[in-house]
Amino acid sequence: MKTKFNQAINIALFLIVCCLYFAIFSYLSVKTEVLFLPVGEGDSELIKTKAGNLLIDAGPKNYVLNSLSAALPFYDKVLDVVIISHPDADHFNGLLYLLDYYKIRVVVLNNFGSQNGSYLELLRLIHNKNIPIVLGVKGTEIQLGNQKERCKIIYPESSDLATIKNDNDFSIINTFETPYGNFLFTGDAAAKSLEKISKEISDKKFIALKVPHHGAKKTLSRNIITNLHWDYSIIEVGKNSYNHPTQEILSLLQEADIPILRTDLDGLIKFQESRGDFILRKLQHPLFK
């Protein structure tokens, strides 16, 4: 009897050691990644670092669950920060589903006046789950574990919130800055919003710019392309009746010779830190082609 008990103890200790080893190995092997998730006609981006996971928008439906399953290991069910750029359903609605499957530590948003019923339900659920809300305005910074990796919100200013009429004009524009390169996320911002802040960040070189509003008209301009510098244009888009992305925007990018990647054609788009640089990796995800 004593022998069986000792064997059980040894097995338990062995399993504990294996779990600890696996957890430490998993942590040490984490590379910073920026992923643009295929969620149909909507936006969702995931930033993975050793400090945790940051999700920007969650797409229109429950598609984000499948994309996150492809992007995160099965045991990782924590989203440390979720940024909702603005209260359009194709950006926030997926969060209604995520609340049932993931632990969410903080939500960042800036619109509390929208009368969208689903958005009001989302705010109610966030409140009921006691998830802290941070106001997403210029000057807000999210430190991802150290001073070297951080998200900075650069639009809108807090003084703008009282005068904004159009939901798209609430769109949070934020950077993700690392020693290996920078990224620019734009929600559904119009060209006028991006032009307003483009000179402030003209000294930065971006690995990728998330093209605003799925490539709709009047989201990019020649002034923006002149002031900003980026290597890849990412268009998050799915089957739609809005003619997204428009030929106007595609032509602007093609004239500037900036490569275009699209979630409807390229699937899950991943940039992974490797030896002090970001490497583009495209992982085909067939569900939303």
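The preceding data block contains the structure.
Right, let's walk through the structure included here. Model, not experiment: these values are computed from the prediction.

Rules behind the numbers
Position numbers for residues start from 1 in each chain and track the written sequence from start to end. In keeping with the model being predicted, local features are shown solely for residues with a pLDDT of at least 70 and side-chain atom pairs are shown and tallied solely at 80 or more, while totals for entire chains, interfaces and linings include all residues. No hydrogens and no water enter the side-chain calculation; it runs on all heavy atoms of the structure. Secondary structure elements are defined from DSSP: runs of H or I of at least 4 residues count as helices, runs of E of at least 2 residues count as strands, and each element is numbered from the N terminus. Any residue under 20% of the maximum accessible area for its type is buried, any over 50% is exposed, and the rest in between are partly exposed; the area is computed with a 1.4 Å probe on protein chains only. The criterion is simple. A nonpolar core is a set of buried Ala, Val, Leu, Ile, Met, Phe, Trp, Tyr and Cys residues joined through side-chain atoms within 4.5 Å. It only takes one pair of heavy atoms within 4.5 Å for two residues to be counted as in contact. Each reported salt bridge corresponds to a side-chain nitrogen of Lys or Arg within 4 Å of a carboxyl oxygen of Asp or Glu. Being paired, for any two strands, means DSSP has found at least two bridges between them.

For the rest of this paragraph, the subject is unusual backbone geometry. Cis peptide bonds are those with omega within 30 degrees of zero, and the linkage from Tyr 155 to Pro 156 qualifies with 0°. Geometrically, the link from His 244 to Pro 245 is a cis peptide bond, its omega value of -5° lying close to zero. Even without being a glycine, Asp 57 presents a positive backbone phi close to 65°. Within the fold, Asp 57 resides in the loop between β3 (52-56) and α2 (63-71). Here Asn 243, not a glycine, exhibits a phi torsion of approximately 65°, which is positive. Within the secondary structure layout, Asn 243 lies in the loop between β12 (229-235) and α8 (247-255). Residue classification places Asn 243 among the exposed residues on the basis of a relative accessible area of 58%.

Counting 29 residues, the largest nonpolar core has Leu 37, Leu 68 and Leu 98 as the members making the most contacts within it. Broken down by secondary-structure element, the contributors of at least two residues to this core are α2, β4 (78-83), α4 (94-101), β5 (103-109) and α5 (117-128). Dropping the residues within four chain positions of it, Leu 98 is found in contact with Leu 55, Ala 58, Val 64, Leu 65, Leu 68, Leu 79 and Ile 104. The next biggest cluster of nonpolar side chains, apart from the first, holds 24 residues, and it includes Ile 154, Leu 184, Phe 206 and Ile 249.

Per the counting criterion, the structure on display carries 14 salt bridges. Between Lys 204 and Glu 177 there is a salt bridge; the shortest N-O distance is 3.7 Å. With Lys 204 in the loop between α6 (191-198) and β11 (205-210) and Glu 177 in strand β9 (residues 173-178), this pair connects stretches of sequence that are 27 residues apart. Look at the salt bridges and you will find they share partners, linking Glu 141, Arg 150, Glu 177 and Lys 204 into a network.

For strand β8 (residues 149-155), the buried fraction is high: five of the seven residues fall into the buried class. Strand direction decides the pairing type here: strand β7 (residues 141-146) and β8, joined by four bridges, are antiparallel. What sits directly across from Asn 146, in β8, is Glu 149. In this structure, β8 lies alongside β9, joined through five bridges in antiparallel fashion. Looking at β9, one finds that Arg 150 is bridged to Glu 177.

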